[in-house]
Every structure is written in C-alpha cells, then in structure tokens.
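Below are the chains, spelled out letter by letter.
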Amino acid sequence: MSQSDDPYENLTITTGAVVEPNTSRVNKTGSWRQFKPVIDIDACIACGQCDTYCPDQAAKPVEGEDYYGFDLDYCKGCGICEEVCPTDAIEMIREVK
Amino acid sequence: MSSDRQDQDFTDEVEHGEELWNPGHRACAGCGPALAMKYITEAAGPNTIVTNATGCMEVVSTPFPESSWGTSYIHNIFENAASVAAGVEAAYQSFDRRDPDHLDVSDEDDLNIIAIGGDGATADIGFRALSGMMERGHDVTYVMYDNEAYMNTGVQRSSQTPLGASTTTSPAGTESIGNDTNKKDMASIAADHGVEYVATASISNPHDFKQKVEKALEIDGPKFLHVYSPCPVGWSYESSKTVELAELAVETGLFPVFEMENGEITSVNKISDRKPVREWLETQGRFKHLFDGEEGEETIEALQEWIDGRAEDLGLDA
Amino acid sequence: MAKAEQNPSDEQEVMKGTSAVAKGVMAADPDVVSAYPITPQTGVVEKLSELVADGQLDSEFIKVDSEFNAASTCIGASAAGARAFSATSSQGLKLMSEPLFTAAGMRLPIVMAVANRSLSAPLSIWADHTDAFAERDGGMLQFHAEDVQEAIDHVLMGFRVAEQVNLPVLSNFDGFILTHVQEPADIPTEEEVNEFLPPRDPEFTLDPSDPKTMGAFARPEHWTETRYAIQEAMMESKDVWAQTVQEFKEVFGRDYTEYNGMLDTYHGDADYRLVALGSICGTIRGVIDEYREQGVDVGLVRPRVHRPFPTEELREALGDAEAVGVLTKEMSPGYESALAGEIKGTLYHAENQPPIKSFVIGMAGRDVNAPEIGTMIEETMEASAPMTFEEQESWPQLREKLLNGGDQ
C-alpha cells in the first residue's frame, strides 16, 4: 500500500479501538460495479420498491423530482432493483469505465 | 430510453434519509442479510443497542476504523451475542433503578436491545448463550438471520442448511447427496423456552418483517425472530435474484412465515397453490447435483415430504 | 508483613474466606454481578446471591448458564458502562478464556475473584496455580493473595486500578486454603470505600444518545497498535497500582506499599531467598523462622502482582542473593515452570544473576509441609551455575514409585 492510499495515515487509535458511527460512507463501493442500473424516468412511478430492496442504500428519490435515481458511489450493481421494479423502468447495463 | 443512459448519474441529486445501516458496508452485491440489517435498524430506530455475533454482517460492517452502524453497536465474539445483550440489559436495569438520570433517552423502557447473529452463530455455536438469555427472561430481541450455512468462512454446513445442499463441508459426491439433515426448528425451540413472542419472516416481505421487529420491541422480555436471508455467493445464483428466491422459499413452504405467542401459533402467512420445492431447488447451484440421478430425486422427495409435514402442522396451505 | 492475628479485633469479623471476599465485593457496589458455581469458588457466588436476596447488595445478579456467559454478560454490562464482577475457578476460568482475552482487547475493567484450582485431567478440585497461569497472556492484571484479608483488599484495589487503566483483573486466592478457612478479617465499610473508590467514569459506553461501535475488527495495519496499547496500559498500571496501595494504606491502614505494592518480603535481604505465590507463604515464613534461629540467613520474596510482572522490583529484590529458590504450584509441560522461567528471564540482563533452583510443589492440593520446605531451602543453598536442564528444576514431592511400577 502506498502512503497516499491510506486514508487513516493520521489516525489515533482510541482506547479499545472504539469507532465512530456512520463512518463506512467513506468506502465508495460503487467501484465494485460491473453493471449499472439506469432508469427510464418516464416509466418510473416512484413506488420506491428499488429503494426498499436495495442492500446498499443506493436507490433513492431524486431531489425535487417524481422519480428515483441511483447513488453510484455505493451501488454495487447487484441488479435486485431491476428485478423488483413493477414497471420495468430499471435496466442493468454493462458499465464502461 | 435515451442514448445517453451510459452517462446517467443521479449520485449528487438523490435524497438519503436517516440511515442507521449505512452504505459503504462490504457485503457482497445482492446480500440478503444486508437487507435484514437495513430493515432491523429502520424498524428499531436510533434508541437502540445492537449486539452482534462474529459473522458476515459483523465483518462487512465494522472494519476498524469504519462502521456502518448508526446505532450503539458492540461485537464481541462468535458465540455470545445473546449473553452480551443480556449483560447490556442487566446494566441498564441497574442504571434505571439506581441512577435514573444515567440514560439521556427518556427511560429504560424505550431502549431497544437487539442481538443479531447468523444461523451458525445462533443455532449452533451460540446456542447456549441464546438458551440462557431466553430462559432467564432478559428484555432482548434476538434476530437470527438465516443464510443456511457458515458463509463468512466459505459456505460450510450449519444446522440451518437444508437437506440436499452441497456445501464445503457437506459436498455432493459419489457417496454423498450433500447435507443429510433438515433445518433445525429454532422457532419452536425458542417458544419452548417460554419466549412470549417468536416469529419468522423473510427479507422478501420487509413490511411484514419490520412489523414483527416493532411488535417484538414493544414486548418486555425475550423475543426471537428468524429472518430468511438468501446468500448469492453461498447458494450460487445471480445476485439480482435474492428477493425472488427468498419469496420462492416462502411460496414453496421451505421457509414458512408465522408467529407464535406464548407457545401457540397465532398467525400463519397462508399460501394458496403451494409450489413444489423442486422449483426453488432448480434456481441454485448448491442443489444442481440433485437433478443428476435417482438419489437426487429421492432427496428432493424427502425434502418435499418434510415440507409437507411442516405445512400440515402449521396449517400453511390456504 | 506479619500475618493477620488470629484473635479478631473490634473491627474484624470471623467468616469463611469466600464470604469475606463477597463482602468486599459488596463494598465496591458493582452494578452487575454475573457468576456460575464451581468448587471452590462457589461460596463467593452464594454469598453475593444472599446479599442481593437480603437487600444488602443492590446489584443485578445474573444467574448465568456457564462461566462462558458469566464473562460474556460482564462484557456487555461493562461496555454499557457498568461496574461488573464475576468469580470462578479452574475449568470455569478456562471456559472464560476466550471472552476474557477480548475484555482486555476492548479495554473493559471487569474484576474477577479466582479461587485457584488445578486444571483437568485428571479432575481435581484442589488448589494450585495452573488455572491462573494458563490465562497469563490475555491482558488481565493478576494478583495473588496470601490470606483472606488480602483477597478482600486485592478485589477492592483491583476495581480502582482496572477502571483507571481499562483492563480486566484476576484477583487470585488459593482454593480451599483461603476459600474455606475461617479467618478474622476487616470488611471495608461503605464510607471507607466511598473515599477510596470513585464511581466508574468510562470514556465510551453503549449509550444510544452518543452511539459508538465497539469490537470492530482490525486489519494488519492497525491490529498491532491496538494490542500494543494493552502492553502500554499494563506498564502504566504499575504506577497506578503504586498509587493505589498508597491511598489504600491512608484510608484503610493496611500497608501493601512495599516495592510499590508489587512484592512482599520477609527478611528480604537474606543470603538465600525463596520466591513463592499465595497462601503457601504463610508456611514458608514459619520454616524461615526456624532456619534463621539455627543461623541460616534465609528470607522470602513474594510477588503480590504477577501481571504486570514485577521486573525492576525482582531485579532489586533478588539480584544480590547468594541463591534463589522458586517454589511454584504450576508447570509448563515441555519446559520448566512458568514462574521460574519468568524470574530467570527478568534477571538475565540485570547486573547480577544469582543461581536459581526451582521446585514444582503443592500441585492439586498436595500438602507442602515444613520439613519439605526445609529441604528446598537446603537445596537452594547448594545451588550453583551452570546447571543442566534436569538440575535446574525438581519435583521434590514426586512419588516416583507410582510412575515406575512400585514394587514390581
């Protein structure tokens, strides 16, 4: 590991190695993805099924809109959302990086 | 769909709510147990202390110095999540009696103490701790997430592995049809401890599961929940099928969904036209060998018989 | 230090050792007590249950299913911020071993009384120190009491040092010899304890209004430091202990301050010095008196604390001896006894290295009598380096004919 890769270079270990809550958000699991979900915003009925069944909190309402979108920082590309979408508005496509 | 879909990116525009099960966790894509963690935290809310057994959900959520948990959380070892929770509960009983101002939250009655373990951590190695916690009557809600094998160590057989499943310690072979036992009935075992509220649920029906978590948390004393949580890696299926396979397990009766109160079955999610278990088995690589010959057929029949017997006992069929 | 007088003073009560330790625990007012019966510790648990049942002790008493879950519930309680106590012996301590190591790693100041007993097999309920030594490397502080009064006081002082350095404590006292003896002892009063032991004030707890994650797993780039922190805390605990015994003396009047509370000596500057742990030292003192009357300059150095190891103190207390005899109730199959090995290691880079002869004695309750101790004194006086491995340690109580077929 090169030094610049270690985000915890300046870390001080607490007594008992106690950790602060909600801190895994720094880990952007979107880099795992091979397929990415895309949404047909006209077909989306904002039912929220994709959100309900997303293990990675990556399918969320888009601010100020009546459709859902994906937080690609965390989406691992599992494809559950495509399966559970009642209007087939979601499609998994091979990601070009 | 427009041609620019490769560029579609709502990352900076989506609205995250209060998430007590945070993204960034290292669970595999399509992880069933990760959904269970999400539903547990949504149902319980922030006034919660989670004790967690060693296992997938612990490992994926707490690589030092990161945590996916927004609630108070403690992991100790593999086989003691129930007794760590019992100790937490005893501490708060003491604080509540001796030092009522100790807790900033309104009072001890509103505090949720939830122990979480996988099927191995709960039904096998942590069985003593679970039994003791339930028998003594601690105010703890225990949730067993069941992915039917020791997934964290690489898919070894547990007492929740279904008949016929090939795992790394119950491999199918010329002399083996895979795992040679049926799933241990943890709900009945919990109920036989005098646990007031016992329920099973599937991640395919989060509304039902969350209601059961909420109901459990309202009850004083020990509660036991068994939540079915498929594992794409250990079961060998496409990660997108997690919810579908969980639902199919319910629809075939392999995993019946019901509630027990004070030892009696009080509600059963009835199934009309229960599907043959074969339909569920066909979806997973771990059962592939069952479709290769006569012995496999016999195993499928044996599993179907076991399911039919349980369905009759539970009154599962609508 | 002189042994407690056998006639109780006005402040003293005569009671069984386990009851006296339980009363000492009561004075520390733990939030949670969780323990499981095992001989010879059981009296501690029974007495604590009785004190709770009679309303004298306001603790949550968890009647657990095993020692494993006694330790595990204490871990949950301690992490929640409670003062937690348990007690065990032998197989029970072994069953606790896995969670206890994590209590050290998670820096939870659980205090335990350990009524020392041999480890199976064969099964034996009688005293030796193999149980305590088997937990040596877990990160728990370990004390050894010579008498009931020390067993009480070590628990009380144990809470204070544990809660300052955030490490668990095993307070050892010999099974039967101290657990079942009726000795007069001072039971600390609530007022005295309030002056000596502040309420626990943990840095982190399981409190939903300030959520934390405890027990995260560490990768190789962080694990070494979290475990090294235990080593640092152990080293720091020596200073905290020195201060603790000093303040204990000021509040309670009992003086454990010799060698910063690490060692207790009897004619500690004698030419020949014996080293031993725990209750056997009472007998040893008597034999030393006899030999001294005959003009033999022999004394005793008794480690009160085994972890942290009293390295500097032992170098000072043993370095200028003509020879040292280590009498120990434990063994390390395949090597010599752990205590002898540790003392030799501690002296290796010191200025002087007196010859050291070690004796494995008193295993599983085998009585050690005065003539046997006399023989060990005499063998110590003859010790000189170099020694072969066979010469450096002996088992003077071994009934060899039981091994070699007797009269056949």
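Only a predicted model underlies this, so the values are computations on that prediction, with no experimental measurement involved.

Definitions and cut-offs
- Residues numbered from 1 in each chain as written.
- Chains lettered and ligands numbered in written order.
- Predicted model: local features only at pLDDT ≥ 70, side-chain atom pairs only at ≥ 80, totals over all residues.
- Heavy atoms only, no water.
- Helix = DSSP H or I, 4+ residues; strand = E, 2+ residues; numbered from the N terminus.
- Rg over C-alpha atoms; globule rule 2.2 N^0.38 Å.
- Contact = heavy atoms within 4.5 Å.
- Areas by Shrake-Rupley, 256 points an atom, 1.4 Å probe, with all protein chains shown as cover.
- Lys, Arg positive; Asp, Glu negative; His and termini not counted.
- Charge placed at Lys NZ, Arg CZ, Asp CG, Glu CD.
- Core = buried A, V, L, I, M, F, W, Y, C linked by side-chain atoms within 4.5 Å.
- Buried < 20%, exposed > 50% of the residue type's maximum accessible area, 1.4 Å probe, protein only.
- Phe/Tyr/Trp six-rings, centres within 6.5 Å; stacked < 30°, edge-to-face > 60°.
- Lys NZ or Arg CZ within 6 Å of the ring centre and 35° of its normal.
- Polar contact = N/O pair within 3.5 Å; in protein donor to acceptor, adjacent residues only side chain to side chain.
- Buried area = accessible area lost by both parts, 1.4 Å probe.
- Salt bridge = Lys/Arg side-chain N within 4 Å of Asp/Glu carboxyl O.
- Nonpolar A, V, L, I, M, F, W, Y, C, P; charged D, E, K, R; others polar.
- Axes fitted to C-alpha atoms, helices over the stretch in contact; angles between N-to-C directions.
- Parallel < 35°, antiparallel > 145°, perpendicular 65-115°, else oblique.
- Left-handed = near helix turned anticlockwise from the far one by under 90°.
- Expected span 1.5 Å × (residues − 1).
- Pairing = 2+ DSSP bridges.

Counting secondary structure elements, chain B contains eleven helices and ten strands. Here chain B has a C-alpha radius of gyration of 20 Å; the compact-globule value for 318 residues is 20 Å, and the two agree. The C-alpha extent of chain B, read off along each of the three principal axes, is 65 × 60 × 35 Å. Partitioning the contacts of chain B with sequence separation of at least 6, the portion at a separation of at least 24 is 70%. Of the accessible surface of chain B, which amounts to about 11300 Å², a share of 44% is contributed by carbon and sulfur atoms. Separation of charge centres in chain B, based on 22 positive and 57 negative side chains, amounts to 3 Å.

In this section: the nonpolar core. Counting 69 residues, the largest nonpolar core has Leu48, Phe85, Phe173 and Ile343 of chain C as the members making the most contacts within it. Per-element accounting of this core gives the leading share, nine residues, to helix α8 (residues 220-252) of chain C. Among residues more than four places away in sequence, those in contact with leucine 48 of chain C are Ala22, Val25, Val33, Leu57, Phe61 and Phe85 of chain C. Within the second largest apolar cluster, 66 residues are counted, among which are Ala90 and Leu111 of chain B together with Leu108 and Leu170 of chain C.

Now for the packing of aromatic side chains. For the structure shown, the criterion picks out 19 aromatic pairs over all chains. Geometrically, the ring pair formed by tyrosine 335 of chain C and phenylalanine 389 of chain C is stacked, given 6.1 Å between the ring centres and 20° between the ring planes. Taken together, the positions of tyrosine 335 of chain C in the loop between β14 (323-328) and α11 (338-348) and phenylalanine 389 of chain C in helix α13 (residues 389-392) put the pair 54 residues apart, joining distant regions of the chain. Pairwise contacts between aromatic rings join Tyr228, Trp235, Tyr237, Phe255, Trp280 and Phe287 of chain B into one cluster. Sitting over the face of the ring of phenylalanine 127 of chain B, lysine 184 of chain B holds its NZ or CZ atom 4.3 Å from the ring centroid. Over the aromatic face of phenylalanine 196 of chain C sits the side chain of arginine 160 of chain C, whose NZ or CZ is 5.0 Å from the ring centroid.

So, on to the environment of glutamate 42 of chain B. All names here are of chain B. Structurally, glutamate 42 can be placed in helix α1 (residues 32-44). Given a relative accessible area of 39%, glutamate 42 falls into the partly exposed group. One polar contact links glutamate 42 to lysine 210, side chain to side chain, over a distance of 2.7 Å.

At the interface, 46 residues of chain B touch 42 residues of chain C. Summed over both partners, the interface of chain B with chain C comes to about 3400 Å²; 55% of that surface belongs to carbon and sulfur atoms. Considering only the surface of chain B that becomes buried against chain C, Phe64, Arg98 and Arg128 of chain B emerge as the three largest contributors, covering 19% of it. Put simply, aspartate 65 of chain C and arginine 136 of chain B hold a salt bridge, and the shortest N to O gap is 2.9 Å. When residues of the side of chain B that touches chain C are traced back to their parent elements, those giving at least two are β1 (48-52), α2 (56-61), β2 (72-75), α3 (81-98) and α5 (127-136) of chain B. No other element matches α3 of chain B, which puts 13 residues into the side of chain B that touches chain C. For the side of chain B that touches chain C, the class distribution of residues is 21 nonpolar, 17 polar and eight charged.

Another point: the packing of α1 of chain B against helix α7 (residues 206-218) of chain B. Residue and element names in this part refer to chain B. Following both chains from N to C, one finds α1 and α7 inclined at 50°, their axes separated by 9 Å at the closest point. In terms of orientation, α1 lies oblique with respect to α7. Relative to α7, the crossing made by α1 is right-handed. Contacts from Ala36, Tyr39, Ile40, Glu42, Ala43 and Ala44 of α1 reach α7 at Pro206, Phe209, Lys210, Val213, Glu214 and Leu217. Its residues assigned to classes, the contact of α1 with α7 comprises nine nonpolar, no polar and three charged.

This brings us to unusual backbone geometry. The amide bond that connects phenylalanine 64 of chain B to the next residue, proline 65 of chain B, takes the cis arrangement and shows omega of 0°. With respect to the element layout, proline 65 of chain B can be found in the loop between α2 and β2. Put simply, alanine 121 of chain C and proline 122 of chain C share a cis peptide bond, and its omega is 0°. As for its position among the elements, proline 122 of chain C is in the loop between β5 (111-116) and α5 (130-134). Here the phi dihedral of alanine 364 of chain C falls at roughly 45°; this positive angle occurs in a residue that is not glycine. Tracing the sequence through the fold places alanine 364 of chain C in the loop between β15 (356-360) and α12 (370-381).

As a further point, take the pattern of salt bridges. Residues and elements named next belong to chain B. Counted under the stated rule, the structure contains 53 salt bridges over all chains. Linking glutamate 261 and lysine 215 is a salt bridge whose minimum nitrogen-to-oxygen distance equals 3.3 Å. Pair noted here: glutamate 261 is in strand β9 (residues 258-261) and lysine 215 is in helix α7, with a separation of 46 residues, a long-range link. Looking at glutamate 261, the relative accessible area reads 25%, which means it is partly exposed. The partly exposed category is assigned to lysine 215, whose relative accessible area is 30%. The shortest N-O distance in the salt bridge between glutamate 297 and arginine 278 comes to 2.8 Å.

On to helix α3 (residues 67-79) of chain C. Residue and element names in this part refer to chain C. In this model, α3 (13 residues) spans 18 Å end to end at C-alpha, consistent with the 18 Å of a helix rising 1.5 Å per residue. A large share of α3 lies buried, amounting to 13 of its 13 residues. Once α3 finishes, glycine 81 follows within two positions and takes phi at roughly 110°, a positive value.

This part is about the interface of chain A and chain B. On the chain B side, the residues contacting the 52 residues of chain A number 45 residues. Contact between chain A and chain B buries roughly 4100 Å² in total, counting both sides, with carbon and sulfur atoms accounting for 54%. Across the chain A-chain B interface, the total number found is five salt bridges. Here glutamate 19 of chain B makes a salt bridge to arginine 25 of chain A, at a shortest N to O gap of 2.3 Å. Put simply, chain A and chain B have 36 residue pairs in polar contact (both at pLDDT 80 or more) between them. Mapped onto the side of chain A that touches chain B, the elements with two or more residues apiece are β1 (35-39), α1 (49-52), β2 (59-61), β3 (68-70), α2 (80-84) and β4 (90-94) of chain A. When residues of the side of chain A that touches chain B are assigned to their parent elements, the largest contribution, four residues, is made by β1 of chain A. Split into classes, the residues belonging to the side of chain A that touches chain B amount to 28 nonpolar, nine polar and 15 charged.

Residues and elements named next belong to chain B. A large share of strand β7 (residues 197-202) lies buried, amounting to six of its six residues. Both faces of β7 are covered, namely the face carrying Tyr197, Ala199 and Ala201 and the face carrying Val198, Thr200 and Ser202. Sheet topology places β7 next to strand β8 (residues 223-228); six bridges connect them, and they run parallel. Considered in β8, the bridge of serine 202 is made with tyrosine 228. Relative to β9, β7 is paired through three bridges, and the arrangement is antiparallel.

All names here are of chain C. Taken in spatial order, the seven strands of this open sheet run β3-β2-β4-β5-β7-β6-β13, and their pairing is mixed. Lying at the two open borders of the sheet, with one neighbouring strand each, are β3 (60-63) and β13 (305-307). In this sheet, neighbouring strand axes are inclined to one another by 20° on average, regardless of whether the strands run parallel or antiparallel. Where strand β6 (residues 141-144) and strand β7 (residues 169-174) come together, four bridges link them in parallel fashion.

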